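# Summary of the model geometry
Read off the chains here:
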Amino acid sequence: MVFCNTRLFLNSLIWGSVLIRVSFELPSQEYILGPNLDKFPSDERQVHGLFPLWRNYHGKIYTTFEEGEARYQIFQRNLKHITETNAKRSNSFSDHRLGLNKFADMSTEEFRDTYLHQIEMPSADAVAAITSSSKPQKKKFSCAAPPTMDWRKKGVVTPVKNQKNCATGAMVSINAIKTGKLISVSEQELIDCDHISQGCVYGWSFRAFEWVITNGGISKESDYPYFAKNGTCIAKRHNGHRDVKINGYTKVAPTENALLCATTEQPITVSLNATDFQFYHSGIYDGDSCPKDSTNTNHIALIVGYDSKDGKDYWIVKNSWGEDWGMKGYIFLQRNTKLPRGVCSINAWAYHPNKN
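Parameters at a glance
Residues numbered from 1 in each chain as written. Predicted model: local features only at pLDDT ≥ 70, side-chain atom pairs only at ≥ 80, totals over all residues. Heavy atoms only, no water. Core = buried A, V, L, I, M, F, W, Y, C linked by side-chain atoms within 4.5 Å. Buried < 20%, exposed > 50% of the residue type's maximum accessible area, 1.4 Å probe, protein only. Helix = DSSP H or I, 4+ residues; strand = E, 2+ residues; numbered from the N terminus. Contact = heavy atoms within 4.5 Å. Disulfide = S-S within 2.5 Å. Expected span 1.5 Å × (residues − 1).

## Regarding the nonpolar core
For soluble globular proteins, nonpolar side chains are generally found buried alongside one another. F277, Y285, W321 and L333 are the most contacted members of the largest nonpolar core, which has 69 residues in total. Per element, the largest residue contribution to this core is 6 residues, and it comes from strand β8 (residues 299-309). One finds F51, L79, L98 and L100 within the second-largest nonpolar core, a separate group that totals 13 residues.

## Concerning the environment of P146
Position of P146 relative to the elements: it lies in the loop between β2 (135-138) and β3 (149-150). The exposure class assigned to P146 is partly exposed, which follows from its relative accessible area of 32%. Residues P146 and C261, spaced 115 residues apart in sequence, show a C-alpha to C-alpha distance of 9.8 Å. Residues in contact with P146, not counting those within four places in the same chain, are T264 and Y306.

## Remarks on the state of the cysteines
A covalent bond between the sulfur atoms of two cysteines is what we call a disulfide. If you walk through the whole model with that rule in mind, you get 3 disulfides. Bridging C143 to C261, the disulfide has an S-S length of 2.3 Å. Taking the sign of the torsion about the S-S bond as the criterion, the disulfide between C143 and C261, at about -100 degrees, is left-handed. With a gap of 118 residues between them, C143 in the loop between β2 and β3 and C261 in helix α9 (residues 256-263) connect regions that are remote in the sequence. For C143, a relative accessible area of 29% gives the class partly exposed. Given the relative accessible area of 2%, C261 is considered buried. C290 shares a disulfide with C344; S-S distance 2.0 Å. What sets the handedness of the C290 and C344 disulfide is the S-S torsion sign, and at about 80 degrees it is right-handed.

## Here we look at helix α3 (residues 65-87)
Across its 23 residues, α3 extends 33 Å between first and last C-alpha, which sits within 8% of the 33 Å expected from 1.5 Å per residue. Looking only at α3, the buried set comprises G68, R71, Y72, I74, F75, Q76, N78, L79, I82, T83, T85 and N86.

## Things to note about unusual backbone geometry
Here the phi dihedral of D310 falls at roughly 50 degrees; this positive angle occurs in a residue that is not glycine. You can see D310 is positioned in the loop between β8 and β9 (312-318). Residues other than glycine seldom take positive phi values, yet C344 does so here, at roughly 55 degrees. The topology assignment puts C344 in the loop between β10 (330-334) and β11 (349-354). With a relative accessible area of 1%, C344 lands in the buried category.

This is a description of form; function is not addressed.
Quick look at the structure:
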């Protein structure tokens, strides 16, 4: 099916509460969804009309009829979940909403297996070793924090990538803060060479920091490009030259204030529970489906700032699932909730690299 030049034809295929936005100038920002996606269509023919539009928009190709039918059934179930969830939300920005993004034909189990990986919890002895091998935990519980902070506006955050789960963003940012040079580093080098933390998959961010320190730095992305699969480590091919170096790392104390004060100084790597992020579209996520007092995490992301809206404080969190997820690749997570570990355990395992 080919997109028409007018919205009239598109709207004839789906129900009136869905906003169809078609633009050829900013394709990365467009979705076949809308903020009013809160009513499940009463006629299945309307779902049949929506599915090919969504599929063509996201470039989905199914090799067999059976696969297409299976994906349609998943799509239909996900659409029902999205509309029912949105129906419970207000139209305020402070309430998060879901959308028919590129993951709408994936089951919850498939999405978790592909994009999320349970990060093994360290033992008490391991935590003690981590603390002693790094600089002391930041226990700065009070500071003169500005009301808002956005490191993107300071030119120290690279564009969002589509690389599932990586911990390089904080290294890029601290290097930019200290040197004035924004250099995108090689996630592929971590995947190929950092066998302890398994690069961008199962491991802890501090293990990636340790590898970079031991290796004397990490290559820039243009020299060691991303291939989205494990390869042979070729970290030595640049004759020892490393583009981004760090000198150590620090674990942030697991409190809201400590994380706030740390974020005023640089972007912070966090491990969190992202199980419910599959269809996130916009607004402030309050963690209603996350465990309330857990340290278990399955994803790594980067806090790049904070702000407040409609009486809710939130973290600005950079994800690694591409700009066609969430708000151009970002999610807002509520802060100052008084949850012991923060929303989705965001306070539990926060780290940042150090650079002299």
